[in-house]
Structures are given as structure tokens and as C-alpha cells.
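Below are the chains, spelled out letter by letter.
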Amino acid sequence: MATKLLLTFAICRLIVTVGLTLEPTELLHLGVDGQLSVHPSDLESASRDFGLLTRAEPLAVLHPSSALDVARLVRAAYGSDHGFTVSARGHGHSINGQAQTPNGVVVQMSGNGVGPRPRVRAGDMYVDVWGGELWIDVLKSTLEYGLAPKSWTDYLYLSVGGTLSNAGISGQAFNHGPQISNVHELDVVTGKGELMTCSEEQNSELFHAVLGGLGQFGIITRARISLEPAPQRVRWIRVLYSNFSAFTRDQEYLISLYGSQKFDYVEGFVIVDEGLINNWRSSFFSPRNPVKISSLGSNNGGVLYCLEVTKNYHESTAASVDQEVEALLKELNFIPNSVFTTDLPYVDFLDRVHKSELKLRSKGLWEVPHPWLNLFVPKSQIDDFNRGVFKGILGNKKTSGPILIYPMNKNKWDQRSSVVTPDEQVFYLVAFLRSALDNGEESQSLEYLSNQNRQILRFCDDDGIKVKQYLPHYTTQEEWRDHLGRKWDRFHRMKKKFDPRHILASGQQIFTPTFLGSSSRASR
Ligand code: FAD
């Protein structure tokens, strides 16, 4: 009853709205069990994202109570005379407005009480989760059974649907592949409002298109995620390099290992200025005992590289961990005496970035603009990238956030998914995760960092470094065609088949909704 009253209130508000493509009565007949809201706080949060670079206000926000609600809304949009756009929003952690939709309806997939609780099938080693479930909650549910997903992101307050629409990567990807390689089955509401189950065996075209599909083909309402026995503890090690070739050689060696004699997680980061080594993501080094680059004997123009690895273990096998780690480290060529080790529960390791988030929030440094840039760089060109970017464009300049670098094996990525990676067996993620601050320091300003991002992309273009953007952001279809390369034709075909009116995820700016014409993109 309360829901009905709220809905009526919302619709009355909609009816007084004029000059919009959305016909309010279309929503009046939706009959959703969840809540359709035009409350200013809902509209405001759906207008923003983590990037804080772009803002677009929807007309309404749907808090669905089930996949059926999502299907009802999309069906209404598909059948509507006027047409209106629908964008799923997970936790809104995009950078460039990818989950926003001006004057459309945002489906708020994540949030308290939205969707069914995770259902773990311990015997079959999988969990069924709602598309808006946050990974932290997936972890908590599976740990009750001593199980956990295999492939992660560095940060767990992201939604399942949001990361599966991209790829979902972290230091486990070299071994298990990205998160999209660890999904058995999906329920998806297509752009026609049909609720379809898909997997390798059933509706496989839709399954592969949706994984890494940037929300273009359907809204993921359920994902079946593969599990493994959860480790109890993690030995977490960082070692430093001044020689880039030694660093990448060791990273590539570590991701080539298989069987049990290998690390479970391989990442790394670049330290272009003293501040970075003790930055928010490196809380590992004690703030009371900051690491000084100069004390490490770097004669490399100030640039250092930090390899980060972990070995997971069970308390019952704790006795052998030291030996295993020792044997693996013996093969590496890092700076002598630059080994930093810590040991912690598995959950604390996986949830490590949240600790940094809380610290930054307490200083007012979380809700600031984030002009992030994520690139996949082919292995054969990573030296050129180092020379031109880490030592060139960024070298010795103050920068305001971590720069991650780690390699992955392409054979762990299913080529049938929609995500694009470089044409080489090994490629690197290089992630510039910088925050813009309004503190009078030019090198930390949004304009400076955005210019630097453009400079990096231009350098790659000019030097023929065949990077692919991860979490891509483009504004013209020509750029998208170029980005998707050989995958464009299929991507386009799948769009025609599953979202012919271009209703879904218009914030990605790939396809213009058919009922809006070409002016829509320019208006963003
Ligand atoms: P949103 O921003 O809400 O949505 C992203 C896109 O997915 C939108 O186009 C939206 O329409 C679509 N979408 C959302 N939900 C669904 C759904 N259910 N079905 C279909 N489409 C949907 N990524 C990594 O891979 N590895 C990392 O380690 C990592 N770390 C991060 C750390 C931080 C602090 C942040 C802010 C981001 C990080 N990311 C990382 C990026 C992150 O994976 C993406 O930004 C992801 O899209 C965020 O998920 P979200 O739930 O907030 O998605």
C-alpha cells in the first residue's frame, strides 16, 4: 500500500513535467512492485558518479524489487510511442557518466534490500547473485560456506552487473582470467524487455555479448559465479625495482607459472614521485616509517617500480608458506633489501582498498573529481610506454594517485566476449588512478591531469603503441568503431538484435536512441 502511494505521488510529479520525451502515463501503467521515485535525493545520486566529471539528471529512478520490475520498465520503454531511455546503475562507480541517462529512467540495481539474497550452491561450487549485488556482499555470503569467487577487482564496493559489463580485473586475472571468465550463467533483461537466461549452452550469443558489453544488450539481473574454497590467510609481499626491464621480466615470469608453485596475485605500481610510494593505496608501508626513494639507491631518474604479490594459504598449511614464498622470490631480480612483507586474513586483503576509502573520506578526499585513465598495453610495447610516459610525460613530476601496472594472459580471456584487448598473448593493464584537487597546486588540478591523459593517449597514437582503453570512454561512433575493431560488426549486430531502439546504457555514448536523433549526443 505504501509503495502504491509513493508511486502515485511520483507519477503525479511526473505528470507536471513538460517538454520531455517521456510520456508520464506510460509509467503510470507500469505496475511495478518496487518503487518508482522522483525524489530529489534519488535523482541527484543517479545524476552523479565516482568520476564527478559529468552530470545528467534522469526523469525518474526505479528501485526494482525483482527482475520482473526491470522487464516491465524496459518493455514499456520499448513499446512506448515516444520512447525513453533506461540505464542500469550499479554502485555508480563509473568515471564518465556511463550509468547516467538524461531524461530517461535509471534502474538503481544496488542498494539496501534490492533484489534477492545470494544463493550459494556449495555442492556445485557456484553462487547465484542479483545483478546489483556488491562484490563485498557476495564475498560475505560465500564465506559462510567456506567458499569465495576466484577473480576479483581491487575494490569490492562495485556491483556484479557493473564489473561484468566491463571485465572485472585484479591481480588474480593472470591465473583465473577476468571476472567475466568466471561466470556460468546470466539472467538478462534485453532492450526489448524480454527476460532471458543465457550461458555457453543457452542463448550463447546474448551471453557472450553481455559479458564486457558495456550494458548495451541487456540488464543483468542474475549472475551465476564460479567459486573455490576460500583461503584463510594471505602473505602479501612487495619488492622494488629501479630497472624497468627487470621488473617486467619478473612480472611476466610470474604470470607464466602454473600449478601450485606460483603466487596467487600479481600486480605492481609505478612510483614516479616520492609521494606515491606512501600514497593511499600503499598504506602497506607504515606511515610512521615512510619509505624514501633515495634510501633505496635508485639511480633511475627517480622512477621506481613496485611488484606486489601474494600467496594464499590455509592455517593448516601455514608451516610451508615461508618456504614456498622464499623459493619464488629467489628467482626474482629486485633491489636487494627492498622486501616488505605482511600477513593478514584473506577478507582483509580483498577488502584493502575500502580501508583507504575510509581514510580518504575522513579527509574529504574521496568525493573529488577522478580523471582516471585505464589502458591495456601490448607486452611488446611496454618498454616504449615506460620511456615515453612514466619517465617522459610523468617523470619526476608530482602526481596525485596510484599508477598500477600488471600483465595478464590473453588465453584466460574468452574472445567471444565483447571486451577488447590488444592482439598479443600478454598485455599489461596500466591504470592512472588520480584524484583532482582544488588546492592551488597546478599539477593536481583537473585541467592539468586531464591534459596529461590526453598527452598520454596522443603519445601512444604518435608512437604507434596499440593501446586499448579499459573502461573505455569515447564520444563518437567513429571512435567506438575504432576501439572495437574486428568486434564492431558483431557488436552492432547484437545491438540491433537485443536493443533495436537503443534504449539501454545511453551514457556510454555508443548508439543514439532511435527516437532522439543525432542531437542527443551533442547535448551531453
Ligand atoms: P556503474 O558505474 O553503476 O555502471 C557501469 C556501467 O555498467 C554502466 O554503463 C551501467 O549502465 C552498466 N551496468 C550497471 N549495472 C548493470 C547491470 N546489472 N546490467 C547491465 N549493465 C549494467 N574495475 C576493475 O576491473 N578492477 C578494479 O580493481 C577496479 N577498481 C575500482 C576501484 C574504484 C575505487 C572504482 C571507483 C572503480 C574501480 N573499477 C575497477 C572500475 C569498475 O569496475 C567500473 O567502474 C564498474 O562499472 C563499476 O561498477 P558499478 O557497479 O559502480 O557500475
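Computed from a predicted structure; not experimentally measured.

Draft legend 1. Here's a closer look at the overall build of the chain. Scanning the chain from N- to C-terminus turns up 18 helices and 18 strands. Out of the 524 residues in the chain, the part that is buried amounts to 59%. Taking as baseline every contact in the chain between residues at least 6 positions apart, the subset at least 24 positions apart corresponds to 75%. Carbon and sulfur atoms form 50% of the exposed surface of the chain, whose accessible area is close to 21,400 Å².

Draft legend 2. The site of the ligand, seen in detail. In the vicinity of the ligand lie 33 residues, with Gly90, Ser94, Asp154, Ser159 and Tyr470 positioned nearest. Gly92 has a polar backbone atom sitting 3.0 Å from an oxygen atom of the ligand. Between the ligand and Asp154, the relevant distance is 2.6 Å, taken from an oxygen atom to a main-chain nitrogen or oxygen of the residue. Protein burial of the ligand: of its 950 Å² of free accessible surface, 96% is covered by the chains.

Draft legend 3. How the structure looks around the packing of helix α9 (residues 244–256) against helix α14 (residues 382–393). Two elements in contact, α9 and α14, have axes separated by 11 Å at closest approach and are oriented at 135°. Considered as vectors, α9 and α14 are oriented oblique to each other. Judged by the sense of rotation from one axis to the other, the crossing of α9 with α14 is right-handed. Contacts between α9 and α14 pair Phe244, Ser245 and Thr248 from the former with Ile382, Asp383, Asn386 and Phe390 from the latter.

Draft legend 4. Spatial organisation of the packing of aromatic side chains. Inspection of every chain in the model, using the stated rule, returns 24 aromatic pairs. Put simply, the rings of Tyr241, Phe244, Phe247, Tyr305, Phe334, Phe385, Phe390 and Phe432 pair up and form one aromatic cluster. Lying across the ring of Phe349, Arg352 places its NZ or CZ 4.2 Å from the centre.

Draft legend 5. Quick look at the environment of Arg352. Relative to the helices and strands, Arg352 resides in helix α13 (residues 352–362). Separated by 198 residues in sequence, Arg352 and Asp154 place their C-alpha atoms 7.8 Å apart. Within the structure, the side chain of Arg352 is placed 3.2 Å from the side chain of Tyr265, a separation counted as a polar contact.

Draft legend 6. Just α9, in detail. An ideal rise of 1.5 Å per residue puts 18 Å on 13 residues; α9 measures up with 18 Å between its terminal C-alpha atoms. The N-capping residue of α9, defined by a side-chain oxygen 2.8 Å from the backbone nitrogen of Ser245, is Asn243.

Draft legend 7. Local environment of helix α4 (residues 67–79). Between its first and last C-alpha, α4 extends 18 Å over 13 residues, near the 18 Å set by a 1.5 Å rise per residue. Taken together, the buried positions of α4 are occupied by Ala67, Asp69, Val70, Ala71, Leu73, Val74, Ala76 and Ala77. Measuring from the side-chain oxygen of the N-cap residue of α4 to the backbone nitrogen of Leu68 gives 3.2 Å; that N-cap residue is Ser66.

Draft legend 8. Representation of unusual backbone geometry within the structure. A positive phi angle, close to 45°, is found at Asn203, a residue other than glycine. Exposure remark for Asn203: the relative accessible area of 35% places this residue in the partly exposed category.

Draft legend 9. Seen up close, the sheet that holds strand β2 (residues 60–63). Strand order in this open sheet of four strands is β1-β2-β4-β3, and the pairing throughout is mixed. Of all the strands in the sheet, the pair left with one neighbour each is β1 (35–37) and β3 (86–89). Neighbour-to-neighbour, the strand axes of the sheet open up by a mean angle of 25°, direction not taken into account. As paired strands, β3 and strand β4 (residues 105–108) are joined by four bridges and run parallel to one another. The residue of β4 that forms the bridge with Ser87 is Val106. Against the sheet, helix α3 (residues 40–47) engages β1, β2, β3 and β4, with an angle of about 95° to β2.

Draft legend 10. Summary view of the pattern of salt bridges. By the definition in use, this model includes 28 salt bridges. The residue Arg121 makes a salt bridge to Asp124 at a minimum N-O spacing of 2.8 Å. For Arg121, a relative accessible area of 45% gives the class partly exposed. What you see here is one network of salt bridges that share partners, running through Glu44, Arg48, Arg55, Glu57, Glu357, Arg361 and Glu367.

Draft legend 11. Local environment of the nonpolar core. Core analysis: the biggest nonpolar cluster contains 77 residues, and Leu164, Ile169, Leu186 and Met408 have the highest contact counts within it. Residues in contact with Leu164, not counting those within four places in the same chain, are Gln179, Ile180, Val183, Leu186, Val210, Leu211, Gly212, Ile220 and Ala223.

Draft legend 12. Local environment of the pairing of strand β13 (residues 304–313). β13 sits mainly inside the fold: nine of its ten residues count as buried. Relative to β13, strand β11 (residues 233–241) runs antiparallel, the two being bridged by nine bridges. Bridge pairing in β13 places Arg235 opposite Lys311. Pairing geometry for strand β12 (residues 265–271) and β13, over seven bridges, is antiparallel. By the bridge assignment for β13, Glu267 is matched with Glu308.

Draft legend 13. Region of the structure containing the side chain of Ser435. Positionally, Ser435 belongs in the loop between β17 (426–432) and α15 (446–462). Classification of Ser435 by relative accessible area gives buried; the value is 10%. Aside from chain neighbours lying at most four places away, what touches Ser435 is Val368, Pro369, His370, Ser400, Gln444 and Leu449.

Draft legend 14. Geometry of a negative patch on the surface. Among the surface-exposed residues, Asp461, Asp462, Glu478, Glu479 and Asp482 lie close enough to one another that they form a single negatively charged patch. Breaking the negative patch down by element, the ones donating at least two residues are α15 and α16 (477–484). For the negative patch, the leading source of residues is α16, giving three residues. With respect to the secondary-structure elements, Glu478 resides in helix α16. By relative accessible area, Glu478 is classed as exposed at 65%.

Draft legend 15. Quick peek at the environment of Phe207. Its location among the elements puts Phe207 in helix α8 (residues 204–210). For the pair Phe207 and Asp187, spaced 20 residues apart in sequence, the C-alpha to C-alpha distance is 9.0 Å. Among residues more than four places away in sequence, those in contact with Phe207 are Val183, His184, Glu185, Leu186, Cys198, Ser199 and Glu200.

Cut-offs and rules
Residues numbered from 1 in each chain as written. Predicted model: local features only at pLDDT ≥ 70, side-chain atom pairs only at ≥ 80, totals over all residues. Heavy atoms only, no water. Helix = DSSP H or I, 4+ residues; strand = E, 2+ residues; numbered from the N terminus. Buried < 20%, exposed > 50% of the residue type's maximum accessible area, 1.4 Å probe, protein only. Contact = heavy atoms within 4.5 Å. Areas by Shrake-Rupley, 256 points an atom, 1.4 Å probe, with all protein chains shown as cover. Near = heavy atom within 4 Å. Polar contact = N/O pair within 3.5 Å; in protein donor to acceptor, adjacent residues only side chain to side chain. Axes fitted to C-alpha atoms, helices over the stretch in contact; angles between N-to-C directions. Parallel < 35°, antiparallel > 145°, perpendicular 65-115°, else oblique. Left-handed = near helix turned anticlockwise from the far one by under 90°. Phe/Tyr/Trp six-rings, centres within 6.5 Å; stacked < 30°, edge-to-face > 60°. Lys NZ or Arg CZ within 6 Å of the ring centre and 35° of its normal. Expected span 1.5 Å × (residues − 1). Pairing = 2+ DSSP bridges. Salt bridge = Lys/Arg side-chain N within 4 Å of Asp/Glu carboxyl O. Core = buried A, V, L, I, M, F, W, Y, C linked by side-chain atoms within 4.5 Å. Patch = residues over 30% accessible without salt bridge, like charges linked within 9 Å, V, L, I, M, F, W, Y side chains within 5 Å. Lys, Arg positive; Asp, Glu negative; His and termini not counted. Charge placed at Lys NZ, Arg CZ, Asp CG, Glu CD.

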